[in-house]
Amino acid sequence: DKILTVVLMIIGGIAACVLGFAAIVALLPWLKQFPPMVRYVMTIEQLLSGQDITSGRLELYALAVDAFLDQPLFGMGWDQFHTLIPQTFLDLHGQDVEDVHCIYLQFFTEAGIVGAPFLIAPLVYLYSLTWAQLSRLRKRCGQPETARMLCTSAFLIQSFLLILGLIDPTFQKNVFWCFYGI
């Protein structure tokens with residue numbers, strides 16, 4: 001019974017996703033009328049036509065890998081990646097693109113094998129410290145629920161930022177610093 005229920009739930013979930021996507025595709029002309037939805041509509045249209053939906057990230061990643069391979073030991077220097085971005089890319093994606101859109105590639109491209117670990121190590125250390133604290137709080141009975149909830153929130157925010165760092169510049173955009181404050 002449990003296996004059948006799980007299989008039916010999976011099939012139902014897939015069917016709901018397909019129907020939902022079909023509904024969104026059918027509503028694309030209507031959704032275009034709302035300014036906050038234009039970017040999402042464009043992404044879906046690009047996906048359907050087989051175009052790049054990464055907003056040029058793959059091209060930026062390729063530039064970063066090439067730059068890293070040129071100077072792997074010490075990198076190209078802090079805040080220098082923007083000098084590699086061609087004007088044609090900026091004309092297409094906006095003049096304010098200055099980073100790789102992957103913090104890890106950014107660190108290795110600009111700081112090299114020597115410097116990147118010094119930038120990544122504190123992130124890993126704080127993440128593991130938060131995990132250890134969360135594990136300790138889970139094991140102890142009688143701890144205030146607030147302490148465990150705050151630690152869980154910190155762990156989830158760190159997880160979010162470290163994962164999002166793969167596709168967005170979580171250290172270069174001011175909007176993410178409110179998360180760090182929390």
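The rules behind the values
Residues numbered from 1 in each chain as written. Predicted model: local features only at pLDDT ≥ 70, side-chain atom pairs only at ≥ 80, totals over all residues. Heavy atoms only, no water. Helix = DSSP H or I, 4+ residues; strand = E, 2+ residues; numbered from the N terminus. Rg over C-alpha atoms; globule rule 2.2 N^0.38 Å. Axes fitted to C-alpha atoms, helices over the stretch in contact; angles between N-to-C directions. Parallel < 35°, antiparallel > 145°, perpendicular 65-115°, else oblique. Left-handed = near helix turned anticlockwise from the far one by under 90°. Contact = heavy atoms within 4.5 Å. Nonpolar A, V, L, I, M, F, W, Y, C, P; charged D, E, K, R; others polar. Phe/Tyr/Trp six-rings, centres within 6.5 Å; stacked < 30°, edge-to-face > 60°. Buried < 20%, exposed > 50% of the residue type's maximum accessible area, 1.4 Å probe, protein only. Expected span 1.5 Å × (residues − 1). Bend = angle between axes of the 7 residues up to and from the residue. pLDDT = per-residue confidence, 0-100.

Novice: Got a sec to walk through the overall build of the protein chain? Specific residues and values, please.
Specialist: Secondary structure summary: the protein chain contains eight helices and zero strands in total. Counted from the first residue to the last, the protein chain has its helices and strands arranged as α-α-α-α-α-α-α-α. Against the compact-globule benchmark of 16 Å for 182 residues, the protein chain has a radius of gyration of 22 Å, which places it well outside the compact range. If you line up the protein chain on its principal axes, its C-alpha atoms span 60 × 55 × 30 Å.

Novice: Describe the packing of helix α4 (residues 57-70) against helix α6 (residues 103-139), with residues and values.
Specialist: Close contact between α4 and α6 brings their axes to 9 Å; oriented N to C, the two are set at 15 degrees. Here α6 runs roughly parallel to α4, going by the angle between their axes. Judged by the twist between their axes, the crossing of α4 over α6 is left-handed. Contacts between α4 and α6 involve Y61, A64, V65, A67 and F68 from the first element and L105, F108, T109, G112 and I113 from the second. In the contact of α4 with α6, the residues fall into eight nonpolar, two polar and no charged.

Novice: Please give an account of the packing of helix α1 (residues 2-26) against helix α3 (residues 38-49) that cites residues and values.
Specialist: To describe two helices that pack against each other, one gives the angle between their axes and the distance between the axes. Following both chains from N to C, one finds α1 and α3 inclined at 105 degrees, their axes separated by 11 Å at the closest point. In terms of axis orientation, α1 runs roughly perpendicular to α3. Touching F21, I24 and V25 of α1 are I44, L47 and L48, all from α3.

Novice: Go over the packing of aromatic side chains, please, and point to the residues and values.
Specialist: If you walk through the whole model with that rule in mind, you get four aromatic pairs. Aromatic side chains W30 and F34 sit 5.0 Å apart centroid to centroid with 75 degrees between the ring planes, which places their arrangement in the edge-to-face category. According to the relative accessible area criterion, W30 is partly exposed, its value standing at 47%. Between F68 and F108, the ring centres sit 6.0 Å apart and the planes meet at 85 degrees, which makes this aromatic pair edge-to-face. Highlighted residues: F68 in helix α4 and F108 in helix α6, separated in sequence by 40 residues. On the basis of relative accessibility, which here comes to 29%, the residue F108 falls in the partly exposed class. In this structure an aromatic cluster arises from ring pairing among Y127, W131 and F155.

Novice: Describe α6, listing the residues and the values that go with them.
Specialist: Think of an α-helix as turning once every 3.6 residues; residues three or four places apart then point the same way. Its 37 residues place the ends of α6 only 34 Å apart at the C-alpha level, less than the 54 Å of an ideal helix rising 1.5 Å per residue. A bend of about 125 degrees at G112 is the largest found in α6.

Novice: Residue-level account of the confidence of the model for the protein chain, with values.
Specialist: If pLDDT is low for a region, its predicted coordinates should not be looked at in detail. Taken residue by residue, the protein chain gives an average pLDDT of 88. The fraction at 70 or more is 98%. Summarising per-element confidence for the protein chain, the mean pLDDT is lowest in helix α8 (residues 177-181) (72) and highest in α4 (94).

Novice: How would you sum up α3? Please name residues and give values.
Specialist: The end-to-end C-alpha distance of α3, which contains 12 residues, comes to 16 Å, matching closely the 16 Å that a straight helix rising 1.5 Å per residue would cover. Backbone geometry just after α3 places G50 at a positive phi near 80 degrees.

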